[in-house]
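Notes for the structure review
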Amino acid sequence: MNDQTSPLWTHLTSEARLTGTWRSALPAYQNQPSPCLGACPVNGRIATWVKQVKDGDLPGAFATLTENNPFPAIAGRICHHPCETACNRAAHDETVGICSLERFVGDMAISEGLRFTAPVEERPQSVAIVGGGPAGLSAAYQLRRLGFQVSLFEASNGLGGLMRHGIPAYRLDRAVLDAEVNRIADMGIDIHLNAQVADKTALQSLRGQHDAVFLATGASQPKRLPGLDYDAPHVIDSAGFLAASETEQKARSGGHVLVIGGGSAAMDVARTARRLGREVTVLSLEPEGRLPAQRVELEEAAEEGVGFVTGAMLHSVSAGAGGLDIGCIKVNFEPGEAPGQFRASPIDGTGFTLAADTIVPAIGQDADLARWQGLLEPEGPVIGTRQWQTSAPGVFAGGDVASMERFVTQAVGMGKEAAKTIAASLDPSLAPPSPLADPLVVGDRINTAYQDPRPRTHQGNAGVTDRLASFDEVQQPLTPQAAQVEASRCFSCGTCIFCDNCYFYCPDMAITRLDLAYEVKTDYCKGCGLCVAECPTGAIHMREDVTP
Amino acid sequence: MQKIDYCDDGQFCSGHVACAGCAEALSMRVILNTVGENAVGVVSPSCVAIIVGGHPTSSARIPFQHGTLESAAASASGMKRALRAQGRDDTTVLCLAGDGGTYDIGLQALSSAAERNEDILYICFDNEGYQNTGGQRSSSTPMSAVTGSTPAGNTTQKKNLIEIMAAHRVPYIATASPSDLSDLAAKVTKAKTIRGTKVIIVIIPCLPGWGVADDAAVKTARLAVESGVFPLFEVENGVTYRLRTTEKPAPIAAYLDQQKRYRHLSDEDRQALQDDVDRNWQRLLWLAAGE
């Protein structure tokens, strides 16, 4: 209480009266998860690192990003970015370009040569990781960060899995892939390339040499299209095609390629073939608008001259004039409950013929479960797990081998969660992963009166002629200026940005500004909630007052 | 986003008895801190008088005289002349009144002070009624609004005080809103530098009087501004109108829906209010274009 008096007029200021007794609810400052965090496959703290970009703290943004994802430059190129779909700014004008900002931070980290810091303490326990794709590398990274000894076994001659052998260079530059993969390898991981863990005996022996095993062998077996002769010279499977060298791709494809499938792999094959100078037609079961590939991939494929025949299936292949006559028929397509499930029934009398000389089926891949028969129990098309734990003690599994979620960043998220589970099983003092406890900040918690409508800054694409002439990247990066402008569009949902609105809007002077914090003066706060209503980020809420 | 731009030097104290969430207390905070230490005030019977508080405590650091409802501007005029006689002409004389003490009961005193161009800063907190005596209507109450004395809705137009004051050719008139505290502070700062009679009318959505939620006074004021019900502008020397924005205002529906006092309105009533707002806006554009 202030006892300064004004001698002529009054004895005391009104501070003698404690109006806090009027109150039934009290504002509470609590940062809450943003909707983008909830939607993010790795639950990245997007609002935090985007603010760091806005403030020009790029090393800080990199540190925040890589808490959950060691591949910001890769994810910033190829993530299916459900974060942007969830963005609260969509209702105001346009979503924030989170993915392009992630790429910006990732590229900066590569060009600046940022490394991961060494673990604080080394732990004696060792974990074997089988599979050097996104799930395996993500788990290796998280376990190594915690100080565990990590040995990684990769069947092929290079790390990256699908990121190396599936995604073409025009979507993911190999220098970027190498930089982010090597940064993980440099953390002191014992890496074995060309090291196939062939069967359950090999797996059991690995389990014997390590305290835990994480199985992330992916889905490497192509699904087979019934009625198609895979041994015929004109048929190449998509996985083999994408993994092959450019010379080999050229040798195996004729002048007109028919790609079967509507997902990302089908687009990758189609666009690769266009870069080899081939005519390309995509045949998908799904009708137009329902193709599972990302919208931007479909748009870019169309720009590059890929032809689409949708809502139809192949039923016969025969030799024709100058190539193959491919008999097709229109179908009724009904998606199923789970990802990858569907029903397609041919419509009588809708048959038609397509011409091509090469057929590349790209209808998805299954995990190879047979080699673990007797040790690991399958559950449908994947290995059965409970919290990443398989039926074999000490053997954990994640990524495509244990899930039908088929996006790269989902595998990264699974690798992270599994690593935390493994860590907690080896050292009970480490916390296992926990589901998000706090509710996500919904749009109406954001006071948009403080946000001018500002259009999104989109990344540019290379011109179509240039794209078709090489395997150089299509998407062009944001400039530093554009990145900062785009980052400043973020509402920072659920994160206090210290704008002082709560302080200034209090009619009772009941908020004190501290160093990067605020305090409510319970003696005077009447509990009106103006501070909450005028908060531009939803970082304050009213709670029942339990002050005695 | 722009940070709010003014400095709180502790000129307005906690512990006052304004309703929880009151936009008038919020506006007083900005005004008293912007006017600063070298000032004295007159307050007419109104919510402001209650918020400043009676003897022996005060929520204001500067001295205030509690005047009568008829004579706030006259008291302030006398006070300024007395200060000048003492050689203290640099002291700001602030007059805080409600719409009852300005539009109705104190209009004569204000008109005479304006006529003489007394060097006072007159702030009217316009909550469109006698809100602390039971919420009766005043001549500032808008058409159709329900008040304690017009349970079926007010049947007269809101008096246009700004044009009345403009007709006196006072050097500075402004409208302000608790939804834009930086603008309010800037207008008070500007008024302080001008000699003569300055009048600032601040829109104050009254929580019980208008039927607005405890946390929604600022939002309601913002809607009033954005819908053109209460546009923000300045008038210099009674002739030069300067509008904060000339963008077409938003429809008034969201503003009306925010308040219980308009809940009884038919679609025709609402349209009539919209037409009225549109007409006033057109006139304001014309005045601003004219010189």
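Residues numbered from 1 in each chain as written. Chains lettered and ligands numbered in written order. Predicted model: local features only at pLDDT ≥ 70, side-chain atom pairs only at ≥ 80, totals over all residues. Heavy atoms only, no water.

Time to look at the sheet that holds strand β6 (residues 172-176) of chain B. Residue and element names in this part refer to chain B. The 8 strands are arranged β3-β1-β4-β5-β7-β6-β8-β9 in an open sheet whose pairing can be described as mixed. The two strands at the open ends of the sheet, each matched to only one other strand, are β3 (64-66) and β9 (240-243). Taking the axes of each pair of neighbouring strands and ignoring which way they run, one obtains an average angle of 15° across the sheet. One ladder, built from 5 bridges, connects strand β1 (residues 39-43) with strand β4 (residues 92-98); its direction is parallel. Within the sheet, the bridge partner assigned to Val42 lies in β4 and is Cys95. (Pairing = 2+ DSSP bridges. Helix = DSSP H or I, 4+ residues; strand = E, 2+ residues; numbered from the N terminus. Axes fitted to C-alpha atoms, helices over the stretch in contact; angles between N-to-C directions.)

As a further point, take the interface of chain B and chain A. Across the boundary between the two partners, chain B contributes 36 residues, which contact 35 residues of chain A. When chain B packs against chain A, close to 3300 Å² is buried across both sides, 57% of that on carbon and sulfur atoms. For the pair chain B and chain A, the number of links is 3 salt bridges. Its salt-bridge partner being Glu15(A), residue Arg61(B) comes within 3.9 Å of it at the nearest N-O pair. Counting the contacts that link chain B with chain A gives 20 residue pairs in polar contact (both at pLDDT 80 or more). Residue assignment for the side of chain B that touches chain A shows that the elements contributing at least two residues are α1 (23-35), β2 (57-58), β3 and α9 (217-226) of chain B. Its residues assigned to classes, the side of chain B that touches chain A comprises 18 nonpolar, 10 polar and 8 charged. Direction of pairing for strand β1 (residues 12-13) of chain A relative to β2(B): parallel, over a ladder of 2 bridges. Paired with Thr13(A) across the two strands is Ser58(B), which belongs to β2(B). (Contact = heavy atoms within 4.5 Å. Buried area = accessible area lost by both parts, 1.4 Å probe. Salt bridge = Lys/Arg side-chain N within 4 Å of Asp/Glu carboxyl O. Polar contact = N/O pair within 3.5 Å; in protein donor to acceptor, adjacent residues only side chain to side chain. Nonpolar A, V, L, I, M, F, W, Y, C, P; charged D, E, K, R; others polar.)

Residues and elements named next belong to chain A. Examined against the element boundaries, Glu246 turns out to sit in helix α12 (residues 246-252). Taking the C-alpha atoms as reference points, Glu246 and Phe342, 96 residues apart in sequence, are found 34 Å from one another. With sequence-adjacent residues up to four places away left out, Glu246 is seen in contact with Leu276 and Phe471.

All names here are of chain A. Taken together, the 5 strands give an open sheet; going across it, the order is β5-β4-β3-β6-β19, and neighbouring strands pair in parallel fashion. A strand with exactly one partner marks an edge of an open sheet, and here the two such strands are β5 (190-192) and β19 (395-397). Between one strand and the next, the sheet's axes are offset by a mean angle of 20°, whatever the strand orientation. When strand β6 (residues 212-215) meets β19, the two strands line up parallel, connected through 3 bridges. Looking at the pairing, Phe214 lines up with Phe396 of β19. Its contacts with the sheet place helix α15 (residues 408-426) against β3 (126-130), β6 and β19, and it is angled at close to 170° to β6.

In this section: the side chain of Asp268(A). Within the element layout of this structure, Asp268(A) appears in helix α13 (residues 264-275). Beyond its immediate chain neighbours, meaning those up to four positions away, Asp268(A) contacts Gly166(A), Ile167(A), Pro168(A), Tyr170(A), Arg171(A), Leu242(A) and Glu297(A).

The next point concerns the nonpolar core. Grouped together as the largest cluster of nonpolar side chains are 115 residues, with contacts concentrated most on Leu94(B) and Ile200(B). Looking at this core, the element that brings in the most residues is α1(B), giving 8 residues. Those residues within four positions of Ile200(B) in sequence are excluded, and the remaining contacts are Leu121(B), Tyr122(B), Ile123(B), Cys124(B), Tyr172(B), Ala174(B), Ala176(B), Lys187(B), Val188(B) and Ala191(B). Counting residues in each nonpolar core, the second largest holds 66 residues, with Phe62(A), Leu137(A), Phe214(A) and Ala487(A) among its members. (Core = buried A, V, L, I, M, F, W, Y, C linked by side-chain atoms within 4.5 Å. Buried < 20%, exposed > 50% of the residue type's maximum accessible area, 1.4 Å probe, protein only.)

Residues and elements named next belong to chain B. Two elements in contact, helix α3 (residues 72-85) and helix α5 (residues 107-115), have axes separated by 6 Å at closest approach and are oriented at 40°. For the pair α3 and α5, the contacting residues are Ala73, Ala74 and Ser77 in the first and Ala109, Leu110 and Ala113 in the second. Tallied by class, residues from the contact of α3 with α5 come to 5 nonpolar, 1 polar and no charged.

Residue and element names in this part refer to chain A. For chain A, the assigned domains read domain 1 (15-31 + 496-544), domain 2 (35-115 + 440-487), domain 3 (126-220 + 367-426) and domain 4 (225-363). Here the C-alpha centre of domain 2 lies 32 Å away from the C-alpha centre of domain 1. Each partner contributes residues to the interface: domain 1 has 12 residues there, and domain 2 has 7 residues. When the buried area of domain 1 at its contact with domain 2 is split by residue, Ile497, Pro536 and Gly538 rank highest and sum to 51% of it. For the pair domain 1 and domain 2, the interface holds 0 salt bridges. In this structure, the connection of domain 1 to domain 2 is made through 7 residue pairs in polar contact (both at pLDDT 80 or more). For the side of domain 1 that touches domain 2, the secondary-structure elements that each account for two or more residues are α18 (501-505) and β22 (540-544). Here the residues of the side of domain 1 that touches domain 2 sort into 7 nonpolar, 4 polar and 1 charged. (Domains from an automatic or database assignment.)

Residue and element names in this part refer to chain A. Contact geometry of helix α7 (residues 134-145) with α15 gives a least axis separation of 7 Å together with a crossing angle of 40°. Considering the angle they form, α7 stands oblique to α15. Here the hand of the crossing between α7 and α15 comes out right-handed. On α15, the residues touching Pro134, Ala135, Ser138, Ala139, Gln142 and Leu143 of α7 are Val408, Ala411, Val412, Gly415, Lys416, Ala419, Ile422 and Ala423. (Parallel < 35°, antiparallel > 145°, perpendicular 65-115°, else oblique. Left-handed = near helix turned anticlockwise from the far one by under 90°.)

Take the pairing of strand β12 (residues 323-335) of chain A next. Residue and element names in this part refer to chain A. Sheet analysis places strand β11 (residues 312-320) next to β12, joined by 8 bridges and oriented antiparallel. Bridge assignment links Ala319 to a residue of β12, and that residue is Leu324. Where β11 folds back on β12, the antiparallel hairpin that results is connected by 2 residues, among which Gly322 adopts a positive phi of roughly 70°. Between β12 and strand β13 (residues 342-346), which pair antiparallel and follow one another directly, the connecting turn spans 6 residues, one of which, Gly340, has a positive phi of 90°.

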